[in-house]
Amino acid sequence: MNIENRKRELAKEFSPMLEKTTKTSKIWIGFLIAVILVGVYAFFVQLFKGHIVTGMRDNVVWGIYIINFIFFVCLSYSGAFISGILHFFKTPWKNSVSRIVEIITVLSLIIGPIFILLCIGRLDRLHYLFIYPRIQSPITWDIIAIMTDLIGCFIYLYLTFIPDFAILRDNSENASKWRQKVYKFLAIGYQDTTTQREKLHKITRTMSAMVIALAIVAYSVLAWIFSLTLQPGWNSSIFAPYFIIAGLYSGIGVIIIAMYLIRKYYHLEHYIRKVHFIGAGIILLVVSLLFGYFTFSEYFSRWFSHKIHDTNLLNTLFTRYFWVFIFANYIGVLVPIVILFFKKFRTIKSITFAAIVAVIGLWFNRYLIVVPTLETPYLPIQDTREEFVHYTATWIEWALSFAGVAAFILFFILIMKLVPVIPMSGIIDNEREQKMSKKSFKKIVTE
Amino acid sequence: MKSINYKYTIITSLLIAFLFSFNGFSQEDEATDASSYKMRFNFKTVKQYDNSRLLEVSFIGQNKKDRKDKIPVFDAVIKFYNNDNLLGESKTSDEGIAQFAVPGNQIYITDEDGYINLTAKFEGSDGLDEEEEEIQVKDLFLELNLEEIDSVKTVLVKAFTIDSLGVEIPLEEADLIISVGGMISKMKLEEGTIEDGEFEFEFPTDIPGDVNGDILVYSIITDNDDFGNVIQQKTVNWGNIKTKIVKEDNKLWSEAAPIWMYIVLTILLVGVWANYLYTAINLFKIKKEGKEIELKETELNTEH
């Protein structure tokens, strides 16, 4: 088959997805914009009235902003990790999910750090972090790690987009002019020649290895922000690997949910098949077992040590946060394990359900890491108002959190309007490789 | 010091209840016998550096059989007299100590030999009998001079009494202690004897002093028969501070980060950014090749 014709076919197949916007998607986009606007309003309220409008006080200085930050950044790192693995080891079914993973990686790395900015009381002093950095501070490491990782992920995402931009540039005669210009600019003269292809494959492969390493380093740094303090519940030597496993757990969960929604909404049953869900489900099963093991190990050692502050923390977890604890560490782990362990339960819907439970459970797990620890400090505040000791998120914080999620989904949709969610170049590469292996097989047989 | 001790034996049956109520001892401890306690009423005087005189009474009950068993009498009113002239009164503390400071400008009644007769008196209560002790001291003046003589830091002490005509009479002989103030107590530097009213001492050069190099120097006469306790003090900037140069190790909380941290971070960042650069160079090469192909195609199209 002529490759140019195949490219044309694929461009034709995916162009409605890029160019046409249905009524449902318009309503959906409108809804997302509305949620974001509520978030923008909440932001201005917070900006003008200060952090008093949030639930954060002297005792609990970090609330759901930091939880969202960790959640999104973890999502990004796990996305980078998974994407790197898929590319580096040339996983057979990578083509259907790789772009979803890459988009998740970059978007969550953009959305996540915004929550840190919302958490900072004196935004006007933000530049001090860059003017007076302390290399020995984990916060500085995190800034360096996030910025380096963000740039790396952008480059990596762009590399994987280039061949598709080139296909769209050459086959979008009927597309709008701005779109043609954008494709031409972003395709940087890629003509899919052998040398160009080899060069691109080589740098993509190097970058995929790089993002795996970056994800591990950056993720560990994020965990060290907590574990290098002496706070009960944070000061743990296994926090870095625990964070990596937890991140992978949420990352795979979000990927499965995204796969389900994209498959259903864009009718991509032909590309995103049951086998992809089962593959992702089994990885989720393995990671959930690991996550469960780490969680048990973490709490078991705290309980067994009988240190007074750890005991106080565990008492808080089993009283005030009893149901959250049960959901995060029992339901959030055991339900996905039960669903994914038995073969007969492994349907697309049940795997997606398991992923949803895992993601929500993990968000609560993050909540339990941040808030109860801050509520049980070494020197407790006494004789003060309840709201100064305990934390409850206000509508401002919820509005901004949902705005973050809405922005994530909106940007995802907008990127899918720019490039197909299934890499066309990947399909062609697969077909080309199949053709080559057939040829060589034929050659062996005839010889 | 001429001291007349009037010791009274406690007989009253109320004593034990009185003492034990002070100390929170169990009232039910009926095994304790009241007569087994002996009252110790000690009176002393200290002439201080500003010429004021501290009068101090220690009022303690001591078990006759077990001498370690001591019970202070607190809140007992002690009156201090110079002959029959009441100087003031004070209550004993939780430790059984009553103190009263007589100002430096107080004019005392003295006998023909120049002795001041001081009396401390407890007038008794329902539970305790009257106690009284008398001491006789002469008013001694101590002058402490701290001078550098030929670059030698020298402590000069002058001790004298003043007779009725106002003439200074040097002290013939008395034991003297030179101390410096420390954080918890005084540190003794020298023990010597004042002769003909004077004492000289070469101050050591290795006393660090406080943060500013200041040293509080004391000259003390203790338990002298004629003068009681006399203290004089002066502050001088003779401290020899040797600032300890502490080499700061590279720690996470020190000014500079540990060297290994800079090295690791540099290797990591250089490695990563070099890869970004390598990627960017390759992208430019791809772009360049694309442009060349485009040019060739344009040329071919124009030829056709």
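What you see is a predicted model; the values in this text were computed from it and never measured.

1. Quick word on the overall build of chain B
Each helix and strand in chain B was counted, giving 2 helices and 17 strands. Across the 304 residues of chain B, 39% fall into the buried class.

2. Quick notes on the overall build of chain A
A tally of helices and strands in chain A yields 16 helices and 0 strands. Its C-alpha atoms give chain A a radius of gyration of 24 Å, near enough to 22 Å, the size a compact globule of 447 residues would have. Contacts in chain A between residues at least 24 apart in sequence constitute 83% of all its contacts with a sequence separation of at least 6. Accessible surface for chain A amounts to roughly 21300 Å². Of this, 69% is attributable to carbon and sulfur atoms. Chain A carries 44 positive and 26 negative side-chain charges, and their two centres are separated by 7 Å.

3. A look at the nonpolar core
Of all hydrophobic cores here, the largest spans 149 residues; its most connected members are F243, I262 and L268 of chain A. Residues lining this core come from more than one domain, with at least three contributed by each of domain 1 (1–21 + 59–231 + 417–431) and domain 2 (232–376) of chain A. Look past the residues within four positions of F243 of chain A in its chain and what remains in contact with it is I70, C74, Y219, L222, A223, F226, R366 and I369 of chain A. Formed by 24 residues, the second largest nonpolar core is a distinct cluster that contains A159, I221, F227 and V230 of chain B.

4. Structural notes on the pattern of salt bridges
Throughout the structure, instances matching the rule amount to 12 salt bridges over all chains. The partner of K188 of chain B in a salt bridge is E191 of chain B, with the nearest N and O atoms 3.2 Å apart. Residue E191 of chain B is classed as exposed on the basis of its relative accessible area, which comes to 54%. Residues joined by salt bridges that share partners form a network here, namely E298, R302 and D310 of chain A.

5. Structural notes on the domain arrangement of chain B
Residue and element names in this part refer to chain B. Split by domain assignment, chain B resolves into domain 1 (2–138) and domain 2 (140–236). In this complex, domain 1 contributes 12 residues to the contact, which on the side of domain 2 involves 11 residues. For the pair domain 1 and domain 2, the summed buried area comes to about 980 Å², and 44% of that belongs to carbon and sulfur atoms. A per-residue breakdown of the area domain 1 buries against domain 2 is headed by K47, Y49 and K138, which together make up 58% of the total. The interface formed by domain 1 and domain 2 contains 0 salt bridges. Our count for the domain 1 to domain 2 interface comes out at 8 residue pairs in polar contact (both at pLDDT 80 or more). For the side of domain 1 that touches domain 2, the secondary-structure elements that each account for two or more residues are β2 (37–47) and β9 (131–138). When its residues are assigned to classes, the side of domain 1 that touches domain 2 shows 4 nonpolar, 4 polar and 4 charged.

6. What about helix α11 (residues 308–319) of chain A?
One turn of an α-helix holds 3.6 residues; hence residues three or four places apart share an orientation. All names here are of chain A. Here α11 is 12 residues long and its end C-alpha atoms lie 16 Å apart, about the 16 Å a rise of 1.5 Å per residue gives. D310, L313, L314, T316 and L317 are the residues of α11 that are buried. The buried side chains of α11 occupy one side of the element, clustering within an arc of 155° when seen end-on. In α11, the exposed positions angled more than 90 degrees off the buried face are occupied by I308 and T319. Contacts made by the buried residues of α11 are with α10 (274–305), α12 (322–341) and α13 (348–375).

7. Points about the pairing of strand β10 (residues 140–149) of chain B
All names here are of chain B. Pairing geometry for β10 and strand β11 (residues 152–162), over 10 bridges, is antiparallel. Within the sheet, the bridge partner assigned to E147 lies in β11 and is T154. Linking β10 to β11, which pair antiparallel, is a turn of 2 residues; within it D150 sits at a positive phi near 50°.

8. Brief notes about the interface of chain B and chain A
In this assembly, 27 residues from chain B lie in contact with 30 residues from chain A. When the two sides are added together, the surface that chain B and chain A hide from each other amounts to roughly 2400 Å², 72% of it contributed by carbon and sulfur. The interface formed by chain B and chain A holds 0 salt bridges in total. The interface formed by chain B and chain A includes 6 residue pairs in polar contact (both at pLDDT 80 or more). Here the side of chain B that touches chain A is built from residues that sort into 16 nonpolar, 6 polar and 5 charged.

9. Brief notes about the confidence of the model for chain A
Detailed reading of the predicted coordinates is not advisable wherever pLDDT falls low. Mean pLDDT for chain A: 86, with 97% of residues reaching 70 or above. Put simply, helix α16 (residues 424–446) of chain A is where chain A has its lowest mean pLDDT, 71, and helix α2 (residues 23–49) of chain A is where it has its highest, 93.

10. A short note on the domain arrangement of chain A
Residue and element names in this part refer to chain A. Taken as a whole, chain A is organised into domain 1 (1–21 + 59–231 + 417–431) and domain 2 (232–376). With centres defined by C-alpha atoms, the gap from domain 1 to domain 2 works out at 24 Å. Listed as interface residues are 40 residues of domain 1 and, on the opposing side, 37 residues of domain 2. Buried surface at the junction of domain 1 and domain 2, both sides included, amounts to about 3500 Å², of which 80% is carbon and sulfur. Where domain 1 packs against domain 2, one counts 9 residue pairs in polar contact (both at pLDDT 80 or more). Breaking the side of domain 1 that touches domain 2 down by element, the ones donating at least two residues are α1 (3–19), α3 (64–88), α4 (94–119) and α8 (194–227). For the side of domain 1 that touches domain 2, the element with the most residues is α3, which contributes 11 residues. Residue composition of the side of domain 1 that touches domain 2, grouped by class: 30 nonpolar, 9 polar and 1 charged.

11. Topic: a negative patch on the surface
Residues and elements named next belong to chain B. Residues E172, E173, D175, E195, D196, E198 and E200 make up a contiguous surface patch of negative charge. Elements with a contribution of two residues or more to the negative patch: β13 (173–181) and β15 (198–202). Within the secondary structure layout, E200 lies in strand β15.

12. A closer look at the packing of α10 of chain A against α12 of chain A
Residue and element names in this part refer to chain A. Contact geometry for α10 and α12: axes closest at 9 Å, N-to-C directions at 145°. Once α10 is placed against α12, the crossing between them reads as left-handed. Contacts from G281, L284, L285, S288, L289, F291, G292, T295 and Y299 in α10 reach F325, N329, V333, I337, L340 and F341 in α12. Looking at the contact of α10 with α12 residue by residue, the classes come out as 10 nonpolar, 5 polar and no charged.

13. Quick look at helix α2 (residues 259–303) of chain B
Its 45 residues place the ends of α2 of chain B 65 Å apart at the C-alpha level, agreeing with the 66 Å of an ideal helix rising 1.5 Å per residue. Looking at α2 of chain B, one finds that the buried residues are M261, L265, V272, N275, Y276, T279, N282, L283, I286, E289 and G290 of chain B. For α2 of chain B, the secondary structure elements touched by its buried residues are α6 (138–170) and α8 of chain A.

14. A closer look at the environment of W273 of chain B
Tracing the sequence through the fold places W273 of chain B in helix α2. Sequence separation between W273 of chain B and Q48 of chain B is 225 residues; the distance between their C-alpha atoms is 76 Å. Leaving out residues up to four positions away in the same chain, W273 of chain B has contacts with T148 and I151 of chain A.

15. Observations concerning the packing of aromatic side chains
All names here are of chain A. One pass over the structure, following the stated rule, counts 49 aromatic pairs over all chains. Each ring, one from Y265 and one from Y266, has its centre 5.0 Å from the other, and the planes form 90°; the classification is edge-to-face. Through pairs of rings, three or more aromatic residues link up here, namely W62, Y77, Y219, F226, W234, F239, Y242, F243, Y249, F291, Y293 and F294. Sitting above the plane of the F388 ring, R57 keeps its charged end 5.8 Å from the centroid. When the ring centre of F243 is taken as reference, the NZ or CZ atom of R366 above it lies at 4.6 Å.

Conventions and cut-offs
- Residues numbered from 1 in each chain as written.
- Chains lettered and ligands numbered in written order.
- Predicted model: local features only at pLDDT ≥ 70, side-chain atom pairs only at ≥ 80, totals over all residues.
- Heavy atoms only, no water.
- Helix = DSSP H or I, 4+ residues; strand = E, 2+ residues; numbered from the N terminus.
- Buried < 20%, exposed > 50% of the residue type's maximum accessible area, 1.4 Å probe, protein only.
- Rg over C-alpha atoms; globule rule 2.2 N^0.38 Å.
- Contact = heavy atoms within 4.5 Å.
- Areas by Shrake-Rupley, 256 points an atom, 1.4 Å probe, with all protein chains shown as cover.
- Lys, Arg positive; Asp, Glu negative; His and termini not counted.
- Charge placed at Lys NZ, Arg CZ, Asp CG, Glu CD.
- Core = buried A, V, L, I, M, F, W, Y, C linked by side-chain atoms within 4.5 Å.
- Domains from an automatic or database assignment.
- Salt bridge = Lys/Arg side-chain N within 4 Å of Asp/Glu carboxyl O.
- Buried area = accessible area lost by both parts, 1.4 Å probe.
- Polar contact = N/O pair within 3.5 Å; in protein donor to acceptor, adjacent residues only side chain to side chain.
- Nonpolar A, V, L, I, M, F, W, Y, C, P; charged D, E, K, R; others polar.
- Expected span 1.5 Å × (residues − 1).
- Arc of directions from axis to C-beta.
- Pairing = 2+ DSSP bridges.
- pLDDT = per-residue confidence, 0-100.
- Patch = residues over 30% accessible without salt bridge, like charges linked within 9 Å, V, L, I, M, F, W, Y side chains within 5 Å.
- Axes fitted to C-alpha atoms, helices over the stretch in contact; angles between N-to-C directions.
- Left-handed = near helix turned anticlockwise from the far one by under 90°.
- Phe/Tyr/Trp six-rings, centres within 6.5 Å; stacked < 30°, edge-to-face > 60°.
- Lys NZ or Arg CZ within 6 Å of the ring centre and 35° of its normal.

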